[in-house]
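Tertiary structure, described
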Amino acid sequence: MLDVAAQNGPLIDRLTEKAAEVIRSGHYILGPEVEAFEREVADYIGADHAVGVSSGTDALMVALMALGIGRGDEVITTPFSFFATAGCIARVGATPVFVDIRPDTFNIDVEQVAAAVTRRTRAIIPVHLFGQACDMAALSGVATKHGLPIIEDAAQAIGTKSPAGPVGSLGAFGCFSFFPSKNLGGFGDGGLVTTQDSALAGKARVMRAHGSNPKYYHSVIGGNFRIDALQAALLRVKLPELEGWTSRRRENAARYDAAFSASGLDESLLRSPPRRFEGHIYNQYVLRTSRRDELQAHLQAEKIATAIYYPVPLHRQECFAHLGYAEGSLPVSERASREVLALPIFAGLGRARQNRVIDAVIGFLSR
Ligand SMILES: *Cc1c(COP(=O)(O)O)cnc(C)c1O
């Protein structure tokens, strides 16, 4: 699905030099490399403030904690996401309220968000799934009407632009991940919180360091959500390459789109991911097919890696059974879970390998 070692290969000299520099500096947590990275990545994203944290999951924790969300509160989110989106809501003591997704983009259905607001609602967490922006103009309208902050889960969407502006700059907070499979992957865990509000940036920094301000004085309870200097330093080496890698991903996506649309296969057999807005960064290329499991087995036999994001929507996870979402309660997400299949899309995929994937997909589904 993803050859991270191949991507890092051409940068190996600069990466090892940078790693040695950090090792010699003796400064391993936060510090000047982190501050420089925060400035550079905020600039790339198009956000005013960036706070480096220990993972994308912890970025969500910091955002929720900085907004004071906890017991008795409800947070509206999508059930079609990585677990952390809802897991963090539950971990701060709040209740995730799931609303269904749009059938085309896999992103949260804004009309259903409006209908789910209650007097306990304290925030909305949309996810820019697979690298495609949610309809942020519409969502901001709902949020403003009810006075609710938006926390953008942009873990899969670094550099994604939406008609409303760059993702990560459109809510109270944006949350990013540097997990190795994300478009900007680190060498371990790492994450980032962005915001346009300097007071919120300050709160996020305090939450990142156990809620201490000044050191050893705690008016709030935070956690250890700090990013390592080594991660920040190595991500600084990779950041200038990101735009080029994203272009390759877009080219790969366009090649899949063209081949699949030329295949003449019926929509139920093969549907390419729709591009609702420009500025998709294609962290994943996810097609839909009614023959998903058979297709995946066939591709596996052909030694072509694929993945299912996500096989069980969050409202149907065992740990959320007490929330009482029956099977069929969010049918668009449930159907997506049965039909989605992610194909290799990484920058270094190459024509020959991609053609093999295309031929195998179309060949199988044409039978
Ligand atoms: C990857 C991801 C996260 C979590 O990021 P980590 O760095 O792995 O903790 C959260 N939300 C979404 C949508 C993700 O894809």
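Anything mentioned here points back to the structure above.
Residues numbered from 1 in each chain as written. Predicted model: local features only at pLDDT ≥ 70, side-chain atom pairs only at ≥ 80, totals over all residues. Heavy atoms only, no water.

**Regarding the overall build of the protein**
Counting its secondary structure elements, the protein contains 13 helices and eleven strands. Compactness check: the protein gives a C-alpha radius of gyration of 21 Å against a globular reference of 21 Å for 367 residues, within 12% of the reference. Considering only C-alpha atoms, the protein reaches an extent of 70 × 55 × 35 Å along its principal axes. Expressed as a percentage of the 367 residues in the protein, the buried residues total 56%. The long-range share in the protein, meaning contacts at least 24 apart out of those at least 6 apart in sequence, stands at 70%. Surface summary for the protein: the accessible area is close to 15500 Å², and the carbon and sulfur share equals 52%. (Helix = DSSP H or I, 4+ residues; strand = E, 2+ residues; numbered from the N terminus. Rg over C-alpha atoms; globule rule 2.2 N^0.38 Å. Buried < 20%, exposed > 50% of the residue type's maximum accessible area, 1.4 Å probe, protein only. Contact = heavy atoms within 4.5 Å. Areas by Shrake-Rupley, 256 points an atom, 1.4 Å probe, with all protein chains shown as cover.)

**Considerations on the site of the ligand**
Around the ligand, 15 residues are found, and the nearest of them are Gly56, Thr57, Gln156, Ser177 and Lys182. In the environment of the ligand, an oxygen atom lies 2.5 Å from a nitrogen or oxygen atom belonging to the side chain of Thr57. A distance of 2.6 Å separates an oxygen atom of the ligand from a polar side-chain atom of Ser177. Expressed as a share of its isolated accessible area of 380 Å², the protein-covered part of the ligand is 93%. Partitioning the shell around the ligand into residue classes produces five nonpolar, eight polar and two charged. (Near = heavy atom within 4 Å. Polar contact = N/O pair within 3.5 Å; in protein donor to acceptor, adjacent residues only side chain to side chain. Nonpolar A, V, L, I, M, F, W, Y, C, P; charged D, E, K, R; others polar.)

**Digging into the pattern of salt bridges**
Applying the stated criterion across every chain yields a total of 18 salt bridges. Between Glu38 and Arg208 there is a salt bridge; the shortest N-O distance is 2.9 Å. Highlighted residues: Glu38 in helix H3 (residues 32–45) and Arg208 in helix H8 (residues 198–208), separated in sequence by 170 residues. For the residue pair Glu38 and Arg208, the accessibility class agrees, reading buried in each case. Between Glu339 and Arg288 there is a salt bridge, and its shortest N-O distance comes to 3.2 Å. One end of the pair, Glu339, is in helix H12 (residues 331–339); the other, Arg288, is in strand E10 (residues 285–288), and 51 residues separate them in sequence. For the pair Glu339 and Arg288, one class covers both residues: buried. (Salt bridge = Lys/Arg side-chain N within 4 Å of Asp/Glu carboxyl O.)

**Observations regarding the sheet that holds strand E9 (residues 191–195)**
The strand order across the open sheet formed by four strands is E1-E9-E8-E5, and the pairing between neighbours is mixed. This sheet does not close on itself; its edge strands, each paired only once, are strand E1 (49–53) and strand E5 (151–153). In this sheet, adjacent strand axes meet at a mean angle of 20 degrees when their direction is disregarded. Relative to E9, strand E8 (residues 173–177) is paired through four bridges, and the arrangement is antiparallel. Within E9, the residue paired with Cys175 across the bridge is Val193. Lying over the sheet, helix H4 (residues 56–66) contacts E1, E5, E8 and E9, oriented at roughly 160 degrees with respect to E8. (Pairing = 2+ DSSP bridges. Axes fitted to C-alpha atoms, helices over the stretch in contact; angles between N-to-C directions.)

**Quick notes on the environment of Glu40**
Summarising the element assignment, Glu40 is placed in helix H3. Non-local contacts of Glu40, meaning those with residues more than four positions away in its chain, are made with Arg236 and Leu239.

**Observations regarding the sheet that holds strand E4 (residues 121–125)**
Strand order in this open sheet of three strands is E3-E2-E4, and the pairing throughout is parallel. The sheet is open, and its two borders are formed by strand E3 (95–98) and E4, each paired with just one other strand. On average, each strand axis in the sheet is inclined to that of its neighbour by 30 degrees, with strand direction left out of account. Note that strand E2 (residues 74–77) and E4 share four bridges and pair parallel.

**Examining the side chain of Gln231**
Structurally, Gln231 can be placed in helix H9 (residues 229–238). Taking the relative accessible area as the measure of exposure, Gln231 reaches 8% and is therefore buried. Beyond its immediate chain neighbours, meaning those up to four positions away, Gln231 contacts Gly186, Phe187, Gly188 and Asp189.

**Brief notes about H12**
Within H12 the residues assigned to the buried category are Ser333, Glu334, Ala336, Ser337 and Glu339. Those residues of H12 that are buried lie in contact with E10, helix H11 (292–301) and strand E11 (340–343).

**Some points on the environment of Ala50**
Position of Ala50 among the secondary structure elements: in strand E1. Sequence separation of Ala50 and Leu192 is 142 residues, and the distance between their C-alpha atoms is 6.6 Å. Excluding anything up to four places from it in sequence, Ala50 contacts Glu38, Val41, Ala42, Leu192, Val193, Thr194 and Arg205.

**Focus on unusual backbone geometry**
Note that the residue after Asn213, namely Pro214, is joined by a cis bond; omega there is -10 degrees. With respect to the helices and strands, the residue Pro214 is situated in the loop between H8 and H9. Tyr309 connects to Tyr310 through a cis peptide bond whose omega is 10 degrees. Tracing the backbone through its elements, the reader meets Tyr310 in the loop between H11 and H12. Backbone geometry places His210, a non-glycine residue, at a positive phi of 65 degrees. Turning to its location among the elements, His210 is positioned in the loop between H8 and H9. Note on His210: relative accessible area 40%, which makes it partly exposed.

As far as function goes, none of this settles anything; it's purely spatial.
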